[in-house]
Every structure is written in structure tokens, then in C-alpha cells.
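# Inside the fold
Residue strings, one per chain:
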Amino acid sequence: MCRANVIYNRRLNDRDFHMALRLPKEFVDPRPGQFVMLRPAAPEGPLLSRPLSVHRFTRLHDHVVLGLLYRVVGRGTAMFSRWSSGTEALVLGPLGNGFRIDGKKQEHILIAGGMGVAPMGYLADCLRGRNLGGQRMIFCLGAKSQGELIGLERLETMGGRLHISTDDGTMGTCGTVAELLPGILGGREPEAVELYACGPPGMLKSLASSLPGDFSCQASLEARMACGVGACLGCAMTMRTDGKGVVRKSVCRDGPVFDLREICWDEIVIT
Amino acid sequence: MCRANVIYNRRLNDRDFHMALRLPKEFVDPRPGQFVMLRPAAPEGPLLSRPLSVHRFTRLHDHVVLGLLYRVVGRGTAMFSRWSSGTEALVLGPLGNGFRIDGKKQEHILIAGGMGVAPMGYLADCLRGRNLGGQRMIFCLGAKSQGELIGLERLETMGGRLHISTDDGTMGTCGTVAELLPGILGGREPEAVELYACGPPGMLKSLASSLPGDFSCQASLEARMACGVGACLGCAMTMRTDGKGVVRKSVCRDGPVFDLREICWDEIVIT
Amino acid sequence: MGVEIGSLRLKNPVMTASGTFGYGEEYAPYVDLNRLGAIVVKGLSWKPRLGNPPPRIMETPAGMLNAIGLQNIGVKAFISGKLPFLRNFDVAVVANVYGETVEEYLRVCELLTATSGIHALEINVSCPNVKKGGVAFGTDPEMIAEVTGRARGVTDLPLLVKLSPNVTDITAMAAAAESGGADGICLINTLTGMSVDVERRVPHLKNITGGLSGPAIKPVAVRMVWEAARTVKIPVIGIGGIMTAADALEFIIAGATAVQVGTANFVNPKATLEILSGLGAYMNRHGVGSIKELVGSLTT
Amino acid sequence: MGVEIGSLRLKNPVMTASGTFGYGEEYAPYVDLNRLGAIVVKGLSWKPRLGNPPPRIMETPAGMLNAIGLQNIGVKAFISGKLPFLRNFDVAVVANVYGETVEEYLRVCELLTATSGIHALEINVSCPNVKKGGVAFGTDPEMIAEVTGRARGVTDLPLLVKLSPNVTDITAMAAAAESGGADGICLINTLTGMSVDVERRVPHLKNITGGLSGPAIKPVAVRMVWEAARTVKIPVIGIGGIMTAADALEFIIAGATAVQVGTANFVNPKATLEILSGLGAYMNRHGVGSIKELVGSLTT
Ligand SMILES: Cc1cc2nc3c(=O)[nH]c(=O)nc-3n(C[C@H](O)[C@H](O)[C@H](O)COP(=O)(O)OP(=O)(O)OC[C@H]3O[C@@H](n4cnc5c(N)ncnc54)[C@H](O)[C@@H]3O)c2cc1C
Ligand SMILES: Cc1cc2nc3c(=O)[nH]c(=O)nc-3n(C[C@H](O)[C@H](O)[C@H](O)COP(=O)(O)OP(=O)(O)OC[C@H]3O[C@@H](n4cnc5c(N)ncnc54)[C@H](O)[C@@H]3O)c2cc1C
Ligand SMILES: Cc1cc2nc3c(=O)[nH]c(=O)nc-3n(C[C@H](O)[C@H](O)[C@H](O)COP(=O)(O)O)c2cc1C
Ligand SMILES: Cc1cc2nc3c(=O)[nH]c(=O)nc-3n(C[C@H](O)[C@H](O)[C@H](O)COP(=O)(O)O)c2cc1C
Ligand code: FES
Ligand code: FES
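Everything in this summary refers to the structure shown in the same document. The shown structure was predicted, so the numbers you read here are calculated from the model rather than taken from an experiment.

All right, on to the packing of helix α4 (residues 141-154) of chain D against helix α5 (residues 170-179) of chain D then. Angle between the axes and distance between the axes are the two parameters that describe a pair of packed helices. All names here are of chain D. Taken N-terminus to C-terminus, the directions of α4 and α5 make an angle of 25 degrees; their axes are 7 Å apart at the nearest point. When the interaxial angle is binned, α4 and α5 end up roughly parallel. In this structure, α4 meets α5 at a crossing whose hand is right-handed. Across the interface between the two elements, P141, I144, A145 and T148 from α4 touch A172, M173, A176, A177 and S179 from α5. Split into classes, the residues belonging to the contact of α4 with α5 amount to seven nonpolar, two polar and no charged.

Below, the structure written as C-alpha cells:
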């Protein structure tokens, strides 16, 4: 648990914010796909910390800067949105197993629905930072409407190709991001591409069903969390095992990134 | 319940603060000795509002300004101390029966121990405002030490005589404010003077026992409160009745100002 | 928004909870009493009661403890001094009834039944802060059935029985009240709790223990309402930590026909009215024509 | 700071609560396990358990609901896979034991007794999230006495019994555990609660109901510890919403010999250590030489 200070907390649209936190240099470098548990330092607000993905990360001389992208959906995120420069926070992390990066792949397809763009920003940074520039990044971004397509400017500067879909057709293809996939994958070899996805469960589920059988996809899942470290077993997700059985894994410790094909959708609440 | 905005929230010393709130003009003029119930507008912080006395009050063209003086003693007041200019709050009030002002009295003796100075500031303003200038005000102020003697500058400009005591003798007489009383009352007629007191229960109790039998004193009491309006019966204090029996009165609705001689000290926790 | 509990017709399901709204007059400056579903007044006993010595309340995390000890002016003074004010309003008045003995309960019920302006009785067999009656009755199904049955015998007013959550099996208590002839069950009263001043090593309440109310207890209350509503056929009235319309809806969807708002009044005197308008907004948003469609609509 | 519970010697009274500290290793990066009074591991059953389907947790006002359903790797995998790590530390390890039947409890107890590195057993007759065993046993004094007595017969390890607060009379349960031969009583486990997603009209937990923990339940827990400590002669271990040293002191002053910290670990992984240092600071400030002087020091 380390103390952090809000550097800025900018509103991006009706309900999305970008927050930068200053953390002590002891905070270790996150891997892409990892997350933190965030709460206020003041003894107010909800009991439990809230999980947020690492969206950006910069190591400076005597401190580090953690960038978070979040959407106001309830009490905790509404409280975050009231923070201002200087507000003290507590951060536990980085937590979880992030995305696996396979240097041998030629193309990296990053698929984000809605707030799913949060971990993808940092994944893109890492892919670029690891000199995988020669290899191509392809971004598939989906949102309800144009106003909610966040992080666009940054991804545009990354040099990858950008596919966009909106539910209402206000930008890009009209439809969900999962519908973009077949078009993109057409003609590509499973061995040559790596897929990464993050987004609401409904999107991941349709992604799973539209994914050709020989492609795999690393998907970052969300679950309500209490501890974030594997101690409470509250964030369990049901996964298929090879032997056709099921097993319960902790999203915080065994994930949040799982093989999309492992997920047992019967027990996931699609909202 | 009305919405208020913090105008400023100044630290006076280690644990005391002066806060000014901007309130809509519908807020009615308080009587001296009345109080408000205060809580944050954001759904954070302790469940219950906290009672604070009206310390200052100014009616302006399109709004009013409420001044509060408070000491950080626990969770609620610690939260108040973190508020800054612009913070939204909710205020219920003015509540309770304040001090009775008898225009026929020639001298008004205002006795405050510690934070007891909060209501006394507004009482002094009102006494002056009611053109009781011809009559004299006498202030008896007690505190732990000089650093905690707050509101001094303002009272000095009021034109009344000022008696000061500190527990550690760092300013004025060494001792408690109750010990000042016999000296001040000596030679004065009960009919000519009115006494008003506010302070910790221990101080009020010793005041009660050092008060000559023919003097009465209006004392403002404190009790833990939930509603502030007489509905919960949580703030009950045991009072003596004429017929030697006891009755339970609500500090919020029947008080907070009571005749010092009515109070049944057996049931009051002296901390 | 109208709901029925036996022959009691409420214009909406939002009532105030006993002991948290005084005799109505305390909140009249803040709330148009005509708009409430019902006002449940502070517990009434035959004789006036001084209540417990102070301190009587203490805040706890998301809750509060109280040990008022049923301080009240007595049923006669209520009828002569407080009821006339309430008669000015077009609102159902429910009298919360308490006795140290079954006989005292019955006397209070009889007198209130003979009085105009009382729309229902709520038998309080669940106060944790009194030595006799109260929760001592409310943890024993036979006593609940007896008090309810005998009250039923002396009144033709709608009869509600308010239950205590401090029991192993709330369904047994609910069934006992139903068998005794209750028209509705109110739950929950407060959970018994305690809080210690560690600096002075004394309890925060003079009474040592007190009743826990507020948001902290809501999950327990919702669970008990859900269990009770599946057990009895008479309406259940949900109480416990309701601060917002969403809280009220949790109870209604779990099976409550109406709700009572307690501690929330202290925090926000207009809580009842804001809950009411929030219920209306929810019904519009979800295309729900009658609140009754929501009662027990939980899909499990 | 040392305390004794039967023959179990703890270097200080701050333990972790079962199910909130994993198998110790999860929190080892944050907490020097050597400094803890004891580690109580996640509930162990004979066979591995999948636990309940998700969603399993939900936050509530100042608390949380959980319906983990005793997911665990089974006692054998614990002994081979998790215990070796814990043996590296100089800390008392307490195994929380669960069974669907009395026989299953006994088998788990026997195996753990035959294993080195286990310092005490904690019989969980209070889990609200399982169909058999758990709270079904913990609400019946005869079952408590039977499970305890038979466990006593198969182990010479210090035997703790963890009780449920979902009962009318906690003192009867505490007395039953004592009569069965327990060396200490742990209370409380979680209160059964429920929470509703009003937009979708479904329970937030797949299991419908869950166990309520966290600060919200502290007043109920302190009250039960106080009642139990006045009833039994064996030590009582206080649990429920302890976040700070002041919270721990409430329990100790009310009669607890030691405390367990649960939900607080989630909020602040260093909670146990901060509580420990806070206890030390309190003792210095109040001139208390031994924590035992504080146990049950409440003046009423
Ligand atoms: C590994 C991980 C990474 C995440 N990264 C981001 C991110 O970068 N940006 C972002 O906006 N959101 C992210 N989320 C979702 C975010 O945690 C929730 O939106 C947030 O917890 C909601 O809290 P609340 O108090 O505003 O909502 P409420 O609905 O009031 O919260 C109630 C409870 O449910 C939990 N909860 C509600 N929604 C979710 C959810 N979708 N996932 C997990 N728990 C939930 C809360 O944590 C809390 O315990 C992430 C979730 C996980 C698990
Ligand atoms: C009519 C009235 C007027 C007051 N005016 C002032 C004022 O002008 N300035 C000021 O500094 N203080 C004043 N007080 C005292 C002030 O209300 C308490 O200091 C404050 O409530 C403490 O809250 P807390 O959360 O910081 O403390 P905590 O101890 O954490 O509070 C716990 C609970 O106890 C109550 N409580 C604690 N101490 C007191 C107390 N002394 N009196 C009443 N309730 C208490 C709190 O309201 C809360 O419900 C007044 C009290 C009353 C009754
Ligand atoms: C200060 C106070 C006084 C109460 N007095 C009574 C009472 O006289 N009779 C009664 O049946 N319940 C009484 N209750 C219980 C409430 O009516 C209600 O059942 C309980 O507080 C739970 O609801 P809440 O969480 O909304 O407050 C009282 C509660 C409080 C907080
Ligand atoms: C997620 C979770 C899992 C739990 N698992 C167990 C368990 O396996 N066995 C047990 O006896 N108690 C279990 N408990 C109960 C706790 O040990 C403790 O009694 C309860 O949470 C109250 O303490 P707290 O408020 O400090 O959390 C669990 C509690 C939580 C929150
Ligand atoms: S959040 Fe506790 S195990 Fe994952
Ligand atoms: S605070 Fe509720 S009656 Fe005084």
C-alpha cells in the first residue's frame, strides 16, 4: 500500500476521467494488463478499494507517475471524480498477471470496448517500448458513441492501424467491436498474430463466439474484488479445464488476463 | 436542510478552525445560542450530522454567511478540517432555543470555557446589535493554555471587560474560568446581571457549585445528537423539576440553553 | 403508488419508522405530512416513561446505537396533546404500542381503538432497550402469537406486529404473528449492539447495550424481509437502513409491500419525500404501472 | 503482549481471521508474518471444494457480503502445498475446520492433529454460505456441544470453536462449546445478509444471501463478546469489523483475550501490524503493563 497524490484529474466526457497519481519510486514497474487497488487516504468513502488498470506509467528521477482512465459508474468512481490536485490516495499494486507478450508475433491486435481501452493504452506503450515497432499494432476500438471513444488521439500517434465501431454509428462502423474482428482476421495466420481484448463481459462473450477456432485471445476480465491479492476468493470466475471439468480461478491473482477460450460463460453475469 | 458552500476554513491553532459558509438567503436569522447540524453534501463521511453553534452571522444582499468555530475532536470534525473553499455542505437549522436576552439587565456576563466561546461570539454580537451598548458586557474566558484562547481579538473590540484564566497559567489567572466567578460577582446584585455560560460539562458543573444561590445562569449544554429537532430523544438530559422529581429534556429542542440550576449532574458524564 | 395492508389503505408505500419521526410535529416544518404513506409515532405505553438515563446514542460505522428506553408521554397525553395536530393531515397514523405486560399492551390497544384518528396499531415486541416486554416477548414465537392474538381480540384496527432481528429464525416469528391474526409484519427493529469508549473503558451508552440502526443493518434487514415474505401470506413492511429510493426498492423487490424510513430522517429530514419521488422515477424508467408489480419481483 | 488460550501461547493478541488472509502467503509481501499473534487459515474441508458460483461478494455500507462457500483446496493439499511455507515462520498457525457432517469435521481434525506445524484448531460451525454443516450446526447448542466434544476426543491441540451471530442467545452457544471441551470461543462469524440489484431485480450474490462482515457489524460483535465473556470461563476471541487498534481495544475491554482481524486485511494489508503497534501505544499511554490487565476491564 503506498501513498499517492493526485497530480491532475481531468474530465474527458460526461462520465470518463483521466487521473495521474504521483507515487514514491519504490512502486515497481507494472506489466501491461496489471491493475491497482485504489482508495482515499482519508478515512471516508466506501469500505473497499476499487480495481483500476494501469493506463500509463512513467518513471521519473525520484517518483513515478501512474495514469488511470476511469468511468464513473457508482459510489467509488464518483468519489474519485471529486478528487483534485493534491488529494491523497492509497494504492496497492501493481497486481495480477498482465498480458503475456510474445516477441515472435508479427501483429498485435488490441481490442477494446468502452473502458477496456484503459489497459490497452499501457499495453500499446509497452509493445512500442519493447522495440516491437517493426511488428504491427492494430487497434479495434468500440464505444457507445463518438463522445465515449476515449484515448483516440494517443492511439493515433502510436502508428498502428485503427478500426473503430460505435453502437450508434456516430463514428466508424455501426455495431460492436466484436463484429469488426472477422474482417480483420480474414487472411491472417493464427501463429503470426496475438490478440488482446478488454471490455464489458457482453463484448468479450461475443468476441469469444466470433473468434475463429484456431485463434486465441488474451482477455482481461473484471470481477468485484475485495482484496486484490488472492486472499478472499471473492473475485472467482469459473474456467473450463482440459478435462471438461470446471475450476474457479481468482481474477485478481490468476488473472485478470485469461485465455478467452477458458472462460465458462454460463456463470458470468452479462449486464 | 440547505446547501452551503465553504467560503473559507481557517486553522486557528493545533486543533481549532474557523469556517465561513455561504447559505441561501432563505436561511432564517439565528437567535444567539442556536446551533446548526452540519454534514457534507457528498455521500461520504460519518452517518450523522454534527451540531455546531452559530458563532457569527451576516445577512448580505442575496445570501447569508454563517461563521462556525470548531475543534477537531473526532471523525466528523476531522473531516470538516479537510474542507476547503468551495466544498459543498448541508446545513439544518438554526435549531434549538437560544439564550433569552433580558433588556432590563445592566450587565451581561459571558462565561466561556474552551470551545464554549463559539456561541458566545454570536451572543456578544447580538447584545451589541440590540443597542444594549449602554449596558456592560463582561467576558470570562478560560482555556487550557494561551494558544487555545480563541476569539480573543474579536472580544477585545467589543468593548466589554475581559477576564482570562488558563489551566497552565500561560495567560491570565492560573485556574479554571469557574474560579474567576466569585471575584466578578462580588458586590453585584442578582437582579442587575445576567449570566451566560458555555463550556465542557466539568466546567459547567463547577460553575453551578460556585454560583451564589441567588444568581441564575443560562448554560448551553452539549449532548450527542442524531436529529437535532426533538424527534429521536437521543440527546436527553435529566433535569430537576420543582417537585423534586426529575424529567428528561431534549438538549436540541428544549435547549441547548438551560437554567444551570435545573441540571441534574448525577447523570452527566464528566470527561 | 397505493398499497393495502389488511384494511389499511396507504396512498404510497413510504412510512416513517417509530421513534424516528417523533409525533410528526417535529418534522412538519420540513415535510408535508400529507404526502407520506403513513406516520408511525413513537412507541406508546400506558403510563408515561422517563426512558433510560443518558448517554443514549452513539454513532457507529454507517449506523447508530440507541437506548432511548421508550421514553414517551403515555398514551393518554398522546391522545390529548399530540393526536389533534396529526388529525389536521390527510395521512394514516399508526400507533406503535408497547407494554411491560400483555395486559398493558391490551389497555393501550383498547384506548387507541376507541380513539378517532388512529388508522392502525403496530405492536412493538422488539424493543431491545427495556427490561420487560419488548424483545423479551419478540424472541419467543408463543409470546408473539399470544400478544398478537389477544390484541386482535380487543381491536378491529389493522394490526401490525413489529419483529426483532435478534433471533435465529425470523420465519418462525413471522409465522407466529400471522397465526395470531396480524394484518402485517414489520421488520426489522434494531439489532442489539454495544460500543466501548476505550479511553475511559466504559460503554458509550449508559444502558451498556443499544439498538443498532442505519445503513449498516440494511443487508440483514433485506435478508429477513425476503425470508419472511416467502413464509407468510400477509404483507411484510420492510425497515432497516433505508436512505434512498434504491434502498426502498431492495426491500420491495425482496418482498416488502411497504417500507418504513427511520434513521434516514435524522440525516435528511426530507428523506421520505426524496425516496417517494425516487420510487416514482424508477417506475417511470422501468415502465412499472403499479408499485404492487414490484413487490417480491426478485428473480433468483 | 503475550496471551494464552488453553495451552496455545500467542506472542500477541492479534490474529488474522479465517478466509481473509488466504493461506498466509498472499499477504507475506506486505506483512512480516513473524510479528502476528497467529494466522488462521481459510476453512479446510476433507475434499477440495469449488465454492459457490460468482458473483460472490458485494460491498454494503461499511461492510461487505460474501458467499465464497468455503472454496478450498482440501486439507491434504493444504498440508502438502501450503503448510510448508508457513512452517518457515515463527507464528502460531490455526487451522479453521469445516465439515458437512460431524464425521468430516473429525477426519479433518485428526489429520491436522497428526501434522506438525499446526498450533490449534478452530471449528467453524458458523459458515452461513453452505447448505450442510456450518451455520446449521452453529445455531443448535446440542450440535455445538456434540461437534466440540467429539473433536475434543480426537485432538490434543488447543480447540477453538467459532460461533455464529445469527442466533437469539449467543450465551447458550458459548456455554455449549465450553461444555463440549473447547479451549476458547471465537466470535463472531458473519451475519447473514442480502443485497439486491434493483435495476436488474436479482440478488447481487448468485447465492442470494451472504455473510456480512466489516465495520458495520462491530457493535453486534462487541455486544456478543461482552455477553459471552460474562458467561463462560474459557477465553473469548473477538472478531467483527476490527480496523484499528481502538476497535481491537473495544473487544478486549469488553472481555476478549485476543482478536481476529478479517475484512480489514482487504482494505489495508498492513492492518494487523498497525493494530499491534496501536495497542502498544495505548498500553504505554495508559501505563498498562500487560494486555491481560485490559481483558474485560469495562466499568459498567
Ligand atoms: C482488474 C480490473 C481492472 C479494471 N480497470 C478499470 C479501469 O481501468 N477503468 C475503469 O473505469 N474501470 C475499471 N475496472 C472496473 C472498476 O473497478 C469498476 O467500475 C469500479 O470498481 C466501480 O466502482 P463503483 O464504486 O463506482 O461502482 P459500484 O457499482 O457502486 O461498486 C459496487 C461494488 O462493485 C464493484 N464493481 C462494480 N462494477 C465493477 C466492475 N465492472 N468490475 C469490478 N468491480 C466492479 C466495486 O468495486 C464495488 O466493490 C476494472 C476492474 C477490474 C476487476
Ligand atoms: C448544541 C451544540 C453546539 C455545539 N457547538 C460546538 C461548536 O460551536 N464548536 C465545537 O467545536 N463543538 C461544538 N459542539 C460539540 C460538537 O458537536 C462535537 O465536538 C462534535 O460533534 C464531535 O464530532 P466528531 O465526529 O469530531 O467526534 P466523535 O467523538 O468522533 O463523534 C462521535 C459522536 O459523538 C458526538 N459527540 C462527540 N463529542 C460531542 C460533544 N462534545 N457534544 C455533542 N456531541 C458530541 C458526535 O456528534 C458523534 O455523534 C456542540 C455540541 C452541541 C450539542
Ligand atoms: C432513536 C430511535 C428510537 C426508536 N424508537 C422505537 C420505538 O419507540 N418503537 C419501535 O418499534 N421502534 C423504534 N425504533 C426502531 C426503528 O423504528 C426502526 O425499526 C429501526 O431504527 C431500523 O430502521 P432504520 O435503520 O431505518 O432506522 C427506534 C429507532 C431509533 C434509531
Ligand atoms: C471473504 C470472507 C471469507 C471468509 N471465510 C471464512 C472461513 O473460511 N471460515 C470462517 O470461519 N470464517 C470465514 N469468514 C469470516 C471471518 O473470519 C470473520 O469471522 C468475519 O469476516 C467477521 O470479521 P471481520 O468483520 O473482521 O471481517 C470469512 C469472511 C470473509 C469476509
Ligand atoms: S479480490 Fe480477493 S481473491 Fe481476488
Ligand atoms: S438530537 Fe434528536 S431529540 Fe435531540
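On we go.
All names here are of chain D. In the contact formed by helix α6 (residues 218-229) and helix α7 (residues 245-254), the axes pass within 8 Å of each other and the chain directions differ by 25 degrees. Of the possible angle classes, the one that applies to α6 and α7 is roughly parallel. Of the two elements, α6 crosses α7, and the hand of that crossing is right-handed. When α6 is examined against α7, the residues K218, A221, V222, V225, W226 and A229 are found in contact with a partner set consisting of D247, E250, F251 and A254.

Our next topic: the interface of chain C and chain D. Counting from both sides, the interface comprises 43 residues of chain C and, opposite them, 43 residues of chain D. Carbon and sulfur atoms make up 67% of the area that chain C and chain D hide from each other, which totals about 3700 Å². Our count for the chain C to chain D interface comes out at two salt bridges. Measuring nitrogen to oxygen at the nearest pair gives 2.8 Å for the salt bridge that ties C:R285 to D:E199. Inspection of the region where chain C meets chain D yields 17 residue pairs in polar contact (both at pLDDT 80 or more). Put simply, the parts of the chain that give the side of chain C that touches chain D at least two residues each are β11 (191-194), β13 (202-203), β14 (209-213), α6 (218-229), α7 (245-254) and α9 (271-285) of chain C.

In the vicinity of ligand 4, 24 residues are found, and the nearest of them are D:S18, D:K162, D:G214, D:G241 and D:T263. The environment around ligand 4 is built from residues contributed by chains A and D. A distance of 2.7 Å separates an oxygen atom of ligand 4 from a polar backbone atom of D:S18. Separating an oxygen atom of ligand 4 from a backbone N or O atom of D:I188 is a distance of 3.1 Å. In isolation ligand 4 offers 610 Å² of accessible surface; the protein chains occlude 98% of this area.

Definitions and limits used
- Residues numbered from 1 in each chain as written.
- Chains lettered and ligands numbered in written order.
- Predicted model: local features only at pLDDT ≥ 70, side-chain atom pairs only at ≥ 80, totals over all residues.
- Heavy atoms only, no water.
- Axes fitted to C-alpha atoms, helices over the stretch in contact; angles between N-to-C directions.
- Helix = DSSP H or I, 4+ residues; strand = E, 2+ residues; numbered from the N terminus.
- Parallel < 35°, antiparallel > 145°, perpendicular 65-115°, else oblique.
- Left-handed = near helix turned anticlockwise from the far one by under 90°.
- Contact = heavy atoms within 4.5 Å.
- Nonpolar A, V, L, I, M, F, W, Y, C, P; charged D, E, K, R; others polar.
- Buried area = accessible area lost by both parts, 1.4 Å probe.
- Salt bridge = Lys/Arg side-chain N within 4 Å of Asp/Glu carboxyl O.
- Polar contact = N/O pair within 3.5 Å; in protein donor to acceptor, adjacent residues only side chain to side chain.
- Near = heavy atom within 4 Å.
- Areas by Shrake-Rupley, 256 points an atom, 1.4 Å probe, with all protein chains shown as cover.

Just geometry here; none of it tells us what the structure is for.
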